[in-house]
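Below, each chain spelled out in residue letters.
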Amino acid sequence: TKTVCRIRIKGMTCTSCSTSIETSMMKVSGVKKADISLATEEAVIQYNPKLISYKQIMQIIDDMGYMTDLIS
Ligand code: 9UX
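Described in the following lines is the structure provided in the data block.

What counts and how
Residues numbered from 1 in each chain as written. Predicted model: local features only at pLDDT ≥ 70, side-chain atom pairs only at ≥ 80, totals over all residues. Pairing = 2+ DSSP bridges. Helix = DSSP H or I, 4+ residues; strand = E, 2+ residues; numbered from the N terminus. Buried ≥ 20, exposed ≤ 12 C-beta atoms within 10 Å, placed from the backbone. Contact = placed C-beta atoms within 7 Å. Core = buried A, V, L, I, M, F, W, Y, C linked by C-beta atoms within 7 Å. Expected span 1.5 Å × (residues − 1). Arc of directions from axis to C-beta.

Before going further, it helps to spend a moment on the pairing of strand E2 (residues 31-37). Pairing analysis gives 6 bridges linking E2 to strand E3 (residues 42-47), with the strands arranged antiparallel. Along E3, the bridge assignment pairs Lys33 with Gln46. Here E2 folds back onto E3 in antiparallel fashion, the turn holding 4 residues, of which Glu41 has a positive phi close to 55°.

Here you go:
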């Protein structure tokens, strides 16, 4: 089972964007770690697949107003 996903995030234009996504993700039940890079437009998220799926994680980021694609 997957426990880490890499997601492309489009639409981040300043460091507050990446920081706010990171802060929000850390509050989501099942998310263990969220590293989000503005420079590479990539998020690496560790999660517990019994509590949340990568699709749900991507949906949360989409709902914040960004565009996501699964990298791996
Ligand atoms: Mo920076 Mo991001 O002013 O939505 S927080 S652009």
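The rest of the description comes next.
Turning next to the environment of Ile52. In this fold, Ile52 is placed in the loop between E3 and helix H2 (54-63). Note on Ile52: 16 C-beta atoms within 10 Å, which makes it partly exposed. Sequence separation of Ile52 and Val28 is 24 residues, and the distance between their C-alpha atoms is 8.9 Å. Not counting residues up to four positions away in its chain, the partners in contact with Ile52 are Val28, Ser29, Gly30, Val31, Tyr47 and Ile57.

Ranked by internal contacts, the top residues of the largest apolar core, which has 14 residues, are Ile9, Ala43, Ile45 and Ile61. At the level of elements, strand E1 (4-10), helix H1 (15-26), E2, E3 and H2 are the ones that each hand at least two residues to this core. Residues in contact with Ile45, not counting those within four places in the same chain, are Val4, Cys5, Ile7, Met25, Val31, Ala34 and Ile57.

Moving on to H1. Helix length check: H1, at 12 residues, gives a terminal C-alpha distance of 17 Å against a target of 16 Å (1.5 Å per residue), a fit within 8%. Turning to H1, its buried residues number three or more, namely Ser18, Ile21 and Met25. Looking straight down H1, one finds that the buried residues subtend no more than 65° of arc, so they occupy a single side. What points out from H1, more than 90 degrees from its buried face, is the exposed set Thr15, Ser16, Thr23 and Met26. Considering only its buried residues, H1 is in contact with E2, E3 and H2.

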